[in-house]
Amino acid sequence: MLLIVIIFFGCCLWFFPLLRCAVLHPFALVYYGIRDGILYLRHNGWNNLSYGQIVCYIADSSTSFGCGKTLSATDYIVSLYRRYDGKKVWCSERKKFVTQKVKVISNVDFLTIPYEKLVSLAQFVQWTDTVDVYDEEHDTLTVTYMLIDEASSQLNSRSFKSNFDPYFIARLLTSRHVHASIVLTSQRSGMVDKLMRDCCHLYIGCRKIWRFQMLNYYDAYEIENAQTPSLVAPLRRTCWFVTDKAFQNYDTYASVQSLRKSCEAGDMLSESEIVALQVVQESNMNSVSRPSRLWRRSHKVKK
């Protein structure tokens, strides 16, 4: 019996590197576990808003319209603002408690929280370049969230595309260093500019039945290779109930009117330019590590 236990424990150490690392560093595990736990409690770690991610809400059903992409994205940002804005957090650089501020830059007109209207990508770069000075003057720590609704259309505007330069791309890749996150919505993942897709961390598939808003979270690299959520198993699934308050968070027609004005003013890229920037690629399921049951069943049938 003892031999079986030893063999089982040895196999666990061999196949689970995390467990092996913990067993091989017992004193460091205890020391840093206690120390980091105390610091988390002393510095009110539960008040810290996460940042550094680029997520995109897409359709996860047969229809791309009315599936709750903008609804879910705005509800997410509003809930973050109400939960974290004005909280006291510890600034490790200034070694003191400061007030956390949530800065929202959006092309969606929010009706229940303060925001800054997004008119160009350069606006995001300029703000994040100067946010440190603002924080020093106001004794704050600002976390920036930029929302681009209908990114597949908005980024086809020449006023936006002219700002999609090396400076903005560098800021995308280093958004964590400036305490920023970016939230996008699009009908399909492949309709977004290729450079933006390569920087995404998560795709969130949306499907809405009456007031039940279902969200499936996918690894962006998996979706990029599969080209459709139906062929990829989600990392996790959630669902929330939509109340009237969620619809009252934003003006659903404002961004549409803005895009219409851009079209009328001749500010949109040509069809050939749009297709070239999307860099449409074929599905490559060999690079997908979590295929869906639908794909596995069809693959077995073909075999």
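Residue numbers here run from 1 along each chain, matching the order of that chain's written sequence. Side-chain atom pairs in this predicted model are given and counted only at pLDDT of 80 or more, local residue features only at pLDDT of at least 70, and totals for whole chains, interfaces and linings cover all residues. Only hydrogens and water are set aside; all other atoms, that is, all heavy atoms of the structure, feed into the side-chain values.

With that settled, the discussion passes to the pattern of salt bridges. Salt bridges are identified by distance alone: a Lys or Arg side-chain nitrogen within 4 Å of an Asp or Glu carboxyl oxygen. A full pass over the atoms with the stated rule returns eight salt bridges. Here E116 makes a salt bridge to K103, at a shortest N to O gap of 2.6 Å. Remark: K103 occurs in strand β3 (residues 96-106) and E116 occurs in strand β5 (residues 116-117); sequence separation between them is 13 residues. Given a relative accessible area of 27%, E116 falls into the partly exposed group. When the shortest N-O distance is used, the salt bridge between D129 and R171 registers 2.9 Å. In DSSP terms, a helix is any run of H or I states spanning at least four residues, a strand is any run of E spanning at least two, and both are numbered starting from the N terminus. Each residue is placed in one exposure class: buried if its accessible area under a 1.4 Å probe, protein chains only, is under 20% of its type's maximum, exposed if it is over 50%, and partly exposed if it falls in between.

Within the element layout of this structure, G45 appears in the loop between α3 (26-42) and β1 (54-59). Under the relative-accessibility criterion, G45 is labelled buried at 14%.

Interaxial angle, 0 to 180 degrees, is taken between N-to-C directions of lines fitted to C-alpha atoms, where a helix line uses only the stretch in contact. Between helix α5 (residues 121-138) and helix α8 (residues 166-173), whose axes approach to 10 Å, the crossing angle comes to 60 degrees. Classed by the angle they form, the pair α5 and α8 counts as oblique. The way α5 lies across α8 gives a crossing that is left-handed. Along its contact with α5, which presents L121, F124, V125, T128 and D129, the element α8 presents Y167, F168 and R171. When its residues are assigned to classes, the contact of α5 with α8 shows five nonpolar, one polar and two charged. Angle categories are assigned with fixed cut-offs, so that under 35 degrees is roughly parallel, over 145 is roughly antiparallel, 65 to 115 is roughly perpendicular, and the rest are oblique. A clockwise turn of the near helix away from the far one marks a right-handed crossing, whereas an anticlockwise turn of less than a right angle marks a left-handed crossing. Between two residues, a contact is recorded if the distance between any of their heavy atoms is within 4.5 Å. Under the grouping applied here, Gly and all other residues not named as nonpolar or charged are polar, the nonpolar ones being Ala, Val, Leu, Ile, Met, Phe, Trp, Tyr, Cys and Pro and the charged ones Asp, Glu, Lys and Arg.

Let us now look at a negative patch on the surface. On the surface, E93, D132, E136 and E137 cluster together into a negatively charged patch. The topology assignment puts D132 in helix α5. Only residues above 30% relative accessible area that lack a salt bridge enter a patch, with like-charged residues linked at up to 9 Å and the nonpolar side chains Val, Leu, Ile, Met, Phe, Trp and Tyr linked at up to 5 Å. Each accessible area is a Shrake-Rupley result for a 1.4 Å probe, and residues are judged covered by the shown protein chains and nothing else. This count recognises Lys and Arg as positive and Asp and Glu as negative, with His and chain-terminal groups excluded. Where a charge lies is defined by one atom per residue type, namely NZ (Lys), CZ (Arg), CG (Asp) and CD (Glu).

What follows concerns the packing of helix α1 (residues 2-15) against helix α2 (residues 17-24). Look at α1 against α2: their axes get within 5 Å of each other, and the N-to-C directions meet at 110 degrees. One finds that α1 runs roughly perpendicular with respect to α2. Counted together, F9, C12, L13, W14 and F15 of α1 and P17, L19, R20 and V23 of α2 form the full contact between these two elements. When the residues that make up the contact of α1 with α2 are grouped by side-chain class, the tally is eight nonpolar, no polar and one charged.

Let us now look at the confidence of the model for the protein chain. Averaged over every residue, the pLDDT of the protein chain is 82; residues scoring 70 or more account for 78%. Confidence of the predictor at the level of single residues is given by pLDDT, which spans 0 to 100. Here residues 261-279 is modelled with pLDDT under 50, and outside its nearest four sequence neighbours on either side it reaches 31 contacts, counting other chains as well.

Another point: the environment of D198. Positionally, D198 belongs in helix α9 (residues 194-199). Between the C-alpha atom of D198 and that of Y221, which follows or precedes it by 23 residues, the distance is 7.8 Å.

It is worth spelling out the packing of aromatic side chains at this point. Ring pairs are drawn from Phe, Tyr and Trp, using the six-membered ring of Trp, whenever the two centres fall within 6.5 Å, and their geometry is named by plane angle: stacked under 30 degrees, edge-to-face over 60, tilted for the rest. The full count for this structure, using the stated rule, is 10 aromatic pairs. For the pair W210 and F241, a centre-to-centre distance of 5.8 Å together with 75 degrees between the ring planes defines the contact as edge-to-face. Remark: F241 occurs in strand β10 (residues 236-241) and W210 occurs in the loop between β8 (202-209) and β9 (212-219); sequence separation between them is 31 residues. Counting every residue linked through ring pairs, the aromatic cluster contains W210, F212 and F241. Between the NZ or CZ atom of R83 and the centre of the ring of Y84, over which it lies, the distance is 4.6 Å. Here, over-ring charges are defined by two tests on the NZ atom of lysine or the CZ atom of arginine: distance to the ring centre within 6 Å, and angle to the ring normal within 35 degrees.

Looking down a regular strand, the side chains alternate between one sheet face and the other. The element strand β7 (residues 180-185) is extensively covered by neighbouring structure, given that six of its six residues are classed as buried. Both faces of β7 are covered, namely the face carrying A180, I182 and L184 and the face carrying S181, V183 and T185. Any two strands with at least two DSSP bridges between them are considered paired. Summarising the sheet, β1 and β7 pair through four bridges and their orientation is parallel. In the sheet register, I54 faces β7, and the bridge partner there is I182. Relative to β7, strand β6 (residues 140-148) runs parallel, the two sharing five bridges. For T144, the partnering residue across the bridge sits in β7 and is A180.

Turning to unusual backbone geometry, a few remarks are in order. Although it is not a glycine, K95 adopts a positive phi angle of roughly 55 degrees. Taking relative accessible area as the criterion, K95 reaches 59% and is therefore assigned exposed. Residues other than glycine seldom take positive phi values, yet W210 does so here, at roughly 55 degrees.

On the surface, F9, W14, F15, F16, L19 and V23 cluster together into a nonpolar patch covering about 680 Å² of accessible area. Elements that contribute at least two residues to the nonpolar patch include exactly α1 and α2. Considering every element that reaches the nonpolar patch, the biggest residue donor is α1, with three residues.

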